[in-house]
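# Coordinates in review
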Amino acid sequence: MAAQEIGSGETITVNGDQTFVMASTYKVAIAVTLLDRVDKGQLKLTDLIDLPPEMMVAGTNAIAESYIHPGIQLSVANLIEVMITESDNTATDVSLKLAGGPQAVTKMLRSIGITEQRVDRSTAEILRDFYGLQDKASPSVVTEAIAKDPTLLVQMTKPNSEFEKDPRDQSTPEAMLELLLAIDSGKVLSETSRAFLLATMSRTYTGKDRLRGLLPKGTPVAHKTGTIGGVANDVGFITLPDGRRFAIAVYTKSSTTPAADQDRAIAEVSRTLYDFYYLSAQDK
């Protein structure tokens with residue numbers, strides 16, 4: 001993990017320089033790259049984008065599960081909304097394409113000095129590689145694969161060591177912290193885009209038992225989760241009672257514990273830092 005109180009310049013880390021599978025936390029970098037295009041006038045948040053059937057991605061997705069017929073359009077703003085708040089994979093891959101692809105996202109990261117985070121694949125490709133599918137993880141490909149091998153459903157919660165050894169789409173906690181701080185400081189986005197992204201992250205409802213799990217009721221949290229196999233992650237911003245805020249990135253790997261225990265571990269890290277930052281200020 002890696003954390004820093006906004007404005008303090010002091011970082012707290014545990015294994016912060018180790019690389020971890022980002023899973024869906026990589027969607028923060030995709031959102032930043034897409035919003036950078038909006039800042040440059042290359043796109044508008046109100047632009048309507050086609051979501052053709054061939055772009056649909058399997059998963060717990062409002063889009064892929066609810067809209068099975070052609071003819072879907074979403075604004076850029078709504079694509080980012082469901083990519084972050086629901087972790088929708090279809091919205092993610094459409095957003096990634098609009099952002100210029102994985103290379104464009106990694107280029108953005110390098111442009112602001114982040115060297116230990118990389119984006120290499122779409123979510124359809126990540127899921128293909130995790131599950132060992134024959135093609136990108138479209139709903140039809142996944143349905144056919146499960147019909148042939150029902151144990152694929154069980155693999156969702158089990159670690160995949162070979163997948164985790166792949167350096168693609170990985171980050172150190174420190175690198176993700178750098179990205180969060182760059183977002184908050186305005187280093188990477190306009191004030192309008194910064195406010196838009198932070199507001200979107202504040203509406204995330206996945207991972208309610210992770211960063212938010214042990215915090216006092218009503219604590220403002222703006223975050224993005226990531227889950228695949230034995231990986232459970234959560235990154236974002238937490239606001240203290242006095243209005244101060246801290247950025248935090250918590251990553252796990254190869255966990256064989258139940259999902260509830262993984263969430264609890266992240267929640268305990270979050271609460272420990274919450275208490276530390278809040279109480280240390282009271283002591284001054």
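Predicted, not measured: the structure shown is a model, and the values here were computed from it. (Residues numbered from 1 in each chain as written. Predicted model: local features only at pLDDT ≥ 70, side-chain atom pairs only at ≥ 80, totals over all residues. Heavy atoms only, no water.)

Further remarks concern the overall build of the protein chain. Broken down by element type, the protein chain carries 12 helices and 9 strands. Relative to the compact-globule value of 19 Å for 284 residues, the protein chain shows a C-alpha radius of gyration of 18 Å, a close match. In the protein chain, which comprises 284 residues, the proportion classed as buried is 51%. The contacts in the protein chain between residues at least 6 apart in sequence include a share of 70% that link residues at least 24 apart. Of the roughly 13000 Å² that the protein chain leaves accessible, carbon and sulfur atoms contribute 53%. (Helix = DSSP H or I, 4+ residues; strand = E, 2+ residues; numbered from the N terminus. Rg over C-alpha atoms; globule rule 2.2 N^0.38 Å. Buried < 20%, exposed > 50% of the residue type's maximum accessible area, 1.4 Å probe, protein only. Contact = heavy atoms within 4.5 Å. Areas by Shrake-Rupley, 256 points an atom, 1.4 Å probe, with all protein chains shown as cover.)

This part covers empty space enclosed by the protein. Within the structure shown, the criterion is met by 1 cavity of 30 Å³ or more. A class-by-class count of the residues in the lining of the largest cavity yields 6 nonpolar, no polar and 2 charged. (1 Å grid on protein atoms, 1.4 Å probe; cavity = no way out; pocket = protein on both sides within 12 Å on 5 of 7 lines; lining within 4 Å. Points joined across faces, edges and corners; volume = space filled by probe spheres on them. Nonpolar A, V, L, I, M, F, W, Y, C, P; charged D, E, K, R; others polar.)

Here we come to helix H5 (residues 102–111). At 3.6 residues per turn, the α-helix brings residues three or four places apart onto the same side. Residues of H5 that are buried: Val-105, Thr-106, Met-108 and Leu-109. All buried residues of H5 project into a common sector of 155° when viewed along the axis, lining one side. In H5, the exposed positions angled more than 90 degrees off the buried face are occupied by Gln-103, Lys-107 and Ser-111. Lining the buried residues of H5 we find helix H1 (27–39), helix H4 (89–99) and helix H10 (173–185). In the stretch just after H5, Gly-113 is the one whose phi turns positive, near 85°. (Arc of directions from axis to C-beta.)

A few words now on the sheet that holds strand S1 (residues 2–5). Backbone-to-backbone hydrogen bonds join strands into a sheet, with any given pair of strands oriented parallel or antiparallel. Strand order in the open sheet made by the 5 strands is S2-S1-S9-S8-S7, with antiparallel pairing throughout. Where the open sheet ends on each side, the last strands, each with one partner, are strand S2 (11–13) and strand S7 (221–228). Neighbouring strand axes in the sheet, compared pairwise and without regard to direction, differ in orientation by 10° on average. Examined bridge by bridge, strand S8 (residues 231–239) and strand S9 (residues 245–250) share 6 bridges and lie antiparallel to one another. (Pairing = 2+ DSSP bridges. Axes fitted to C-alpha atoms, helices over the stretch in contact; angles between N-to-C directions.)

Right, let's talk about the environment of Ala-31 for a bit. Among the secondary structure elements, Ala-31 is positioned in helix H1. Of the residues examined, Ala-31 reaches a relative accessible area of 0% and is grouped as buried. Separated by 49 residues in sequence, Ala-31 and Ile-80 place their C-alpha atoms 6.4 Å apart. Every residue in contact with Ala-31, bar those within four places of it in the chain, is listed here: Ile-80, Met-83, Ile-84 and Leu-197.

This part takes up the packing of H1 against H4. One way to put it is that H1 packs onto H4 with a least axis distance of 9 Å and a crossing angle of 45°. Taken together, the axis directions place H1 and H4 in an arrangement best described as oblique. Seen from above, H1 lies across H4 with left-handed handedness. Each of Lys-27, Ile-30, Thr-33, Leu-34 and Arg-37 in H1 lies in contact with H4, whose residues at this interface are Asn-89, Thr-92, Ser-95, Leu-96, Leu-98 and Ala-99. Partitioned by chemical class, the residues of the contact of H1 with H4 number 5 nonpolar, 4 polar and 2 charged. (Parallel < 35°, antiparallel > 145°, perpendicular 65-115°, else oblique. Left-handed = near helix turned anticlockwise from the far one by under 90°.)

Turning next to a negative patch on the surface. There is a patch of like negative charges on the surface, built from Asp-17, Glu-116, Glu-174 and Glu-178. Under the relative-accessibility criterion, Glu-174 is labelled partly exposed at 31%. (Patch = residues over 30% accessible without salt bridge, like charges linked within 9 Å, V, L, I, M, F, W, Y side chains within 5 Å. Salt bridge = Lys/Arg side-chain N within 4 Å of Asp/Glu carboxyl O. Lys, Arg positive; Asp, Glu negative; His and termini not counted. Charge placed at Lys NZ, Arg CZ, Asp CG, Glu CD.)

Right, let's talk about the pairing of S8 for a bit. In regular strands, side chains alternate between the two faces of the sheet. With 9 of 9 residues buried, S8 is to be regarded as a mostly interior element. Looking at chain direction, S7 and S8 are connected through 8 bridges and run antiparallel. By the bridge assignment for S8, Gly-226 is matched with Asn-233. The antiparallel hairpin formed by S7 and S8 contains 2 residues in its connecting segment, where Gly-229 sits at a positive phi of about 55°.

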